[in-house]
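# Understanding the architecture of this molecule
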Amino acid sequence: MTSKSMLLSLSLAVAAALASGTASARTEIQNKGSDTLVNVAQSWAEQYGKINPNVAVAVSGGGSGTGIAALINGTVDIANASRKMKDKEIKEAEAKGHHPVENVVGYDALAIFVNKKFPLDSISIPELAKIYGRDGGATKWSDLGITIPGCKNEIVVVSRQNNSGTYAYFQEAVLGEKGKFRQGTLDMHGSKDVADLVEKTPCAIGYSGLAYATEHLKTLCIATEKGKPCVKPTEDTAFDGTYPIARPLFMYTDGKPKDDVKKYMDWIMSDVGQCILAKEGYAPVKKVTCK
């Protein structure tokens, strides 16, 4: 082998070693769960990668139940959830040697969406219970004294799948602790699917995180009782709790965050991270001034 060939081989070996060392030094944080949080989680991951390129955050949705199950099985570093973990889920995790720690990263107003043709601007919690509850009594809009142009009267009830934290929170907040959903709901896989279906269907009503509101939908003002003043879903009313269906948003870790996961969580809770949350349509956990 000539000296030139030996030098080329050595250079290639050094480059491969450096590349291998760089790749192995990069940390990957696995983050899975809530579809409500998936968009902001992806924004966080993208922006954090720019300031800390040695850490890659892999984000996927699938629902709060999916993220929590992954945390229980020890296959994720962070589980996103739009509901609290259940006692039985925490016990199951601890039985497998994992110790879930709850981190509140923001607040969300769970919005009620209707088609643009819907004639009213508000609805009450008891009326929602009549629509969504098993044996609630309202299967047609006329049962509530409502007439919708282009609608043949039957209510198209749009919901989420039962592994969704949004589903679980709506059930508790609107139907009560022991309340059950009516049969025959159209159960969507994700929040965007709810918004898309309601937009195209005059008879439909659905619920989702406020971040999925668009100009093509009507977002209803919510009253605790029919005839009482209603409150609009906004970042401010979610933060101060005046909106009747406001909820905290969680990121669960296995034990207190440490090392790169702690640095990432600290950044999420910083003004920069919380402003990204606000930009996505959620309420920060603290008052922040965003550019």
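Residues numbered from 1 in each chain as written. Predicted model: local features only at pLDDT ≥ 70, side-chain atom pairs only at ≥ 80, totals over all residues. Heavy atoms only, no water.

### As for the pairing of strand 11 (residues 246–254)
Working note: regular strand, side chains alternate between the two faces of the sheet. With seven of nine residues buried, strand 11 lies mostly within the body of the structure. In this sheet, strand 11 lies alongside strand 3 (residues 78–81) in antiparallel orientation, the contact comprising four bridges. Counted as the bridge partner of Ile 78 is Thr 253 from strand 11. In this sheet, strand 11 lies alongside strand 4 (residues 100–114) in antiparallel orientation, the contact comprising nine bridges. Across the sheet, the residue bridging to Asn 103 is Met 251, located in strand 11. (Buried < 20%, exposed > 50% of the residue type's maximum accessible area, 1.4 Å probe, protein only. Helix = DSSP H or I, 4+ residues; strand = E, 2+ residues; numbered from the N terminus. Pairing = 2+ DSSP bridges.)

### Some words on the confidence of the model for the protein chain
Predicted confidence across the protein chain gives a mean pLDDT of 91, with 91% of residues reaching 70 or more. This stretch, residues 2–24, has a pLDDT under 50; its non-local contacts, to residues over four places away or in other chains, come to two contacts. (pLDDT = per-residue confidence, 0-100. Contact = heavy atoms within 4.5 Å.)

### Some words on the side chain of Arg 83
Relative to the helices and strands, Arg 83 resides in the loop between strand 3 and helix 4 (87–95). With a relative accessible area of 10%, Arg 83 lands in the buried category. A distance of 2.8 Å separates a polar atom in the side chain of Arg 83 from a polar atom in the side chain of Glu 89. With residues up to four places along the chain from it excluded, the contact list for Arg 83 reads Ser 64, Gly 65, Ile 68, Glu 89, Gly 165, Ala 168, Phe 250 and Tyr 252. (Polar contact = N/O pair within 3.5 Å; in protein donor to acceptor, adjacent residues only side chain to side chain.)

### Section: the nonpolar core
Membership of the largest hydrophobic core comes to 66 residues, with the highest contact counts inside it found for Trp 44, Ile 131, Trp 141, Ile 205, Ile 245 and Tyr 264. Top contributing element to this core by residue count: strand 4, with seven residues. Ignoring any residue separated from it by four or fewer positions in sequence, one finds Ile 245 in contact with Asp 108, Ala 109, Leu 110, Ile 112, Ile 125, Leu 128, Tyr 169, Ala 173, Val 174 and Ile 222. (Core = buried A, V, L, I, M, F, W, Y, C linked by side-chain atoms within 4.5 Å.)

### Topic: helix 9 (residues 259–269)
Val 261, Tyr 264, Met 265, Trp 267 and Ile 268 are the residues of helix 9 that are buried. Projected onto a plane normal to the axis of helix 9, the buried residues spread over an arc of 160° and lie on a single side. Every exposed residue of helix 9 that faces more than 90 degrees away from the buried side is listed here: Asp 259 and Lys 263. (Arc of directions from axis to C-beta.)

### What to know about the side chain of Lys 218
Its place among the elements puts Lys 218 in strand 9 (residues 218–219). Among the polar contacts listed, one links the side chain of Lys 218 to the backbone oxygen of Phe 118, at a separation of 2.6 Å. A polar contact of 3.4 Å, which involves the side chain of Lys 218, links it to the backbone oxygen of Leu 120. For Lys 218, the residues in contact, after removing those within four places along its chain, are Ile 112, Phe 113, Val 114, Asn 115, Lys 116, Phe 118, Pro 119, Leu 120 and Asp 121.

### Focus: the pattern of salt bridges
Here the structure, examined in full by the defined rule, presents nine salt bridges. Asp 121 is the partner of Lys 218 in a salt bridge, and the nearest nitrogen-oxygen pair spans 3.4 Å. Placement of the pair is Lys 218 in strand 9 and Asp 121 in the loop between strand 4 and strand 5 (122–124), with a sequence separation of 97 residues. Taking relative accessible area as the criterion, Lys 218 reaches 18% and is therefore assigned buried. (Salt bridge = Lys/Arg side-chain N within 4 Å of Asp/Glu carboxyl O.)

### A short note on the state of the cysteines
Joining two cysteines, a disulfide is a covalent bond between their sulfur atoms. Using the criterion set out here, one finds three disulfides in the structure. Here Cys 221 pairs with Cys 230 through a disulfide, and the sulfurs are 2.1 Å apart. Here the disulfide of Cys 221 and Cys 230 is right-handed, its torsion about the S-S bond being about 100°. Two residues, Cys 275 and Cys 290, share a disulfide whose sulfurs are 2.0 Å apart. One disulfide, between Cys 275 and Cys 290, carries an S-S torsion of -90° and so falls in the left-handed class. Placement of the pair is Cys 275 in helix 10 (residues 271–279) and Cys 290 in the segment after helix 10, with a sequence separation of 15 residues. (Disulfide = S-S within 2.5 Å.)

### Comments concerning the layout of surface pockets
What the largest pocket holds in volume is close to 360 Å³. If you trace the largest pocket, you find 13 residues lining it, with Arg 83, Lys 84, Ala 168, Tyr 169 and Glu 172 closest to the centre. The set of elements that each furnish at least two residues to the lining of the largest pocket consists of helix 6 (165–175) and strand 11. Residues that form the lining of the largest pocket fall into these classes: four nonpolar, three polar and six charged. Here the second largest pocket defines a volume of roughly 210 Å³. (1 Å grid on protein atoms, 1.4 Å probe; cavity = no way out; pocket = protein on both sides within 12 Å on 5 of 7 lines; lining within 4 Å. Points joined across faces, edges and corners; volume = space filled by probe spheres on them. Nonpolar A, V, L, I, M, F, W, Y, C, P; charged D, E, K, R; others polar.)

### Description of unusual backbone geometry
Not every positive phi belongs to a glycine, and Asn 153 is a case in point at roughly 100°. For Asn 153, the location among the structural elements is in the loop between helix 5 (125–132) and strand 6 (156–160). The class for Asn 153 is partly exposed, based on a relative accessible area of 23%. Phi angles above zero are rare outside glycine, and Asp 259 is one such case at about 55°. Its place among the elements puts Asp 259 in helix 9. For Asp 259, a relative accessible area of 58% gives the class exposed.

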